[in-house]
Amino acid sequence: MTIKICGITCQEDADAAVDGGATALGFNFFPKSPRYIAPEDAARIRAKNVRRVGVFVNESAAHIAEIARMAALDVAQLHGDETPADYPNGLAVWKAARVEGGFDFECFRDWPAEALLLDGPAADLYGGSGKTFDWSLAAKAHQRIIVAGGLDASNVALAVELAHPWGVDACSRIESSPGRKDHRKMLEFLQAARAALGA
């Protein structure tokens, strides 16, 4: 069971997320993201007893491994066109996919990822769009799934009810501005997610 807060850029938000019950923190290393954090800054953010997840888009396995060492990552969340041949060694992988019309879960049936992270449609964005998808489609998945995209305290229980996920991931709808969390919204989401997942 995973409850992830993504787009962490400062120690204050990391502390509030962990205190509220998050089990994973996401650091976005995609340079075009408004939530981008430099690897050396991510390395300075301390958090105990949570998994540290790095968000990447079409980076080489060697570059991901280098950042993972620097920022003490546990998981690489891959949002681009990566295939299993591009996976970094020594890290768990969450393969992200945008669920849009005609989405085919068969494409991911045999992929050796720890989880498939399902995100809402986002045009040319790679996460953080705040858009949801039809959560009932997740029943077609063949592996562990994490539901992302447009989650907050108002809808996470329904997402869990319909998708039966291994985890949930929130970002843009619990922010005061890109990369800065609204601690009240974040805590409400974490409480609702823990209740929905039976944590």
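Residues numbered from 1 in each chain as written. Predicted model: local features only at pLDDT ≥ 70, side-chain atom pairs only at ≥ 80, totals over all residues. Heavy atoms only, no water.

**Q** Please give an account of the pairing of strand β4 (residues 75–78) that cites residues and values.
**A** Going residue by residue along β4, you find V75 and Q77 tucked away on one face and A76 and L78 tucked away on the opposite face as well. Relative to β4, strand β3 (residues 51–56) is paired through four bridges, and the arrangement is parallel. Residue pairing in the sheet places F56 in a bridge with L78 of β4. At this point the chain moves from β3, through helix α3 (residues 61–71), to the parallel β4, and the crossover so formed is right-handed. Two elements, β4 and strand β5 (residues 92–98), share four bridges in a ladder whose sense is parallel. Residue pairing for β5: V75 is matched across the bridge by A92. (Buried < 20%, exposed > 50% of the residue type's maximum accessible area, 1.4 Å probe, protein only. Helix = DSSP H or I, 4+ residues; strand = E, 2+ residues; numbered from the N terminus. Pairing = 2+ DSSP bridges. Right-handed = clockwise from strand over helix to strand, strands pointing away.)

**Q** I'd like a rundown of the side chain of T2, residues and numbers included.
**A** With respect to the element layout, T2 can be found in strand β1 (residues 2–5). Setting aside its immediate chain neighbours within four residues, T2 contacts T23, A24, W94, W166, G167, V168 and L197. (Contact = heavy atoms within 4.5 Å.)

**Q** So what about the sheet that holds β5? Which residues, and what values?
**A** Pairing is parallel around the closed barrel formed by eight strands, whose spatial order is β1-β2-β3-β4-β5-β6-β7-β8. Recorded for the sheet is a direction-independent mean angle of 25 degrees between the axes of neighbouring strands. (Axes fitted to C-alpha atoms, helices over the stretch in contact; angles between N-to-C directions.)

**Q** Got a sec to walk through the pattern of salt bridges? Specific residues and values, please.
**A** Counted by the stated rule, this structure contains eleven salt bridges. When the shortest N-O distance is used, the salt bridge between R180 and E12 registers 3.5 Å. Placement of R180 in strand β10 (residues 180–181) and of E12 in helix α1 (residues 11–20) is noted, with a sequence separation of 168 residues between them. By relative accessible area, R180 is classed as partly exposed at 36%. (Salt bridge = Lys/Arg side-chain N within 4 Å of Asp/Glu carboxyl O.)

**Q** How would you explain the packing of α1 against helix α5 (residues 183–197) if you had to name every residue and give the values?
**A** Closest axis-to-axis distance for the α1/α5 pair is 9 Å, and the angle between their directions is 30 degrees. Between α1 and α5, the crossing angle belongs to the class labelled roughly parallel. For the pair α1 and α5, the sense of crossing is right-handed. In this structure, α1 uses E12, D13, A16, A17 and G20 to contact α5, whose residues at the interface are H183, M186, L187, L190 and R194. Grouping the amino acids of the contact of α1 with α5 by side-chain chemistry returns five nonpolar, two polar and three charged. (Parallel < 35°, antiparallel > 145°, perpendicular 65-115°, else oblique. Left-handed = near helix turned anticlockwise from the far one by under 90°. Nonpolar A, V, L, I, M, F, W, Y, C, P; charged D, E, K, R; others polar.)

**Q** I'd like a rundown of α3, residues and numbers included.
**A** The set of residues buried in α3 consists of I64, A65, I67, A68 and A71. Angular distribution of buried residues about the axis of α3 spans 165 degrees; they occupy a single face of the element. Exposed and oriented more than 90 degrees from the buried face of α3 are A62 and R69. One or two steps after α3, the chain reaches A72, where phi turns positive at roughly 55 degrees. (Arc of directions from axis to C-beta.)

**Q** Please give an account of the packing of aromatic side chains that cites residues and values.
**A** Evaluated as defined, the whole model comprises five aromatic pairs. Look at F103 and F105: their rings are 4.8 Å apart centre to centre, the planes differ by 85 degrees, and that puts the pair in the edge-to-face class. Given a relative accessible area of 5%, F105 falls into the buried group. Pairing F108 with W111 gives two aromatic rings, centres 5.1 Å apart and planes at 65 degrees, and the pair type is edge-to-face. (Phe/Tyr/Trp six-rings, centres within 6.5 Å; stacked < 30°, edge-to-face > 60°.)

**Q** Break down the nonpolar core for me, with residues and values.
**A** Among the nonpolar cores identified, the biggest contains 49 residues, and I5 and F189 are the most heavily contacted of them. Among the elements that line this core, the one with the most residues is α5, at five residues. Those residues in contact with F189 that lie beyond four places of it in its chain are I3, K4, I5, L151, D152, A153, V156, V168, A170 and I174. Ranked by size, the runner-up nonpolar core spans eleven residues in total, among them V53, W94, I146 and W166. (Core = buried A, V, L, I, M, F, W, Y, C linked by side-chain atoms within 4.5 Å.)

**Q** For the environment of G150, give the residues involved together with the corresponding values.
**A** By the secondary structure assignment, G150 is in the loop between β7 (145–147) and α4 (156–163). In the structure, G150 is positioned 20 residues away from A170 in sequence and 7.1 Å away in space, judged by C-alpha atoms.

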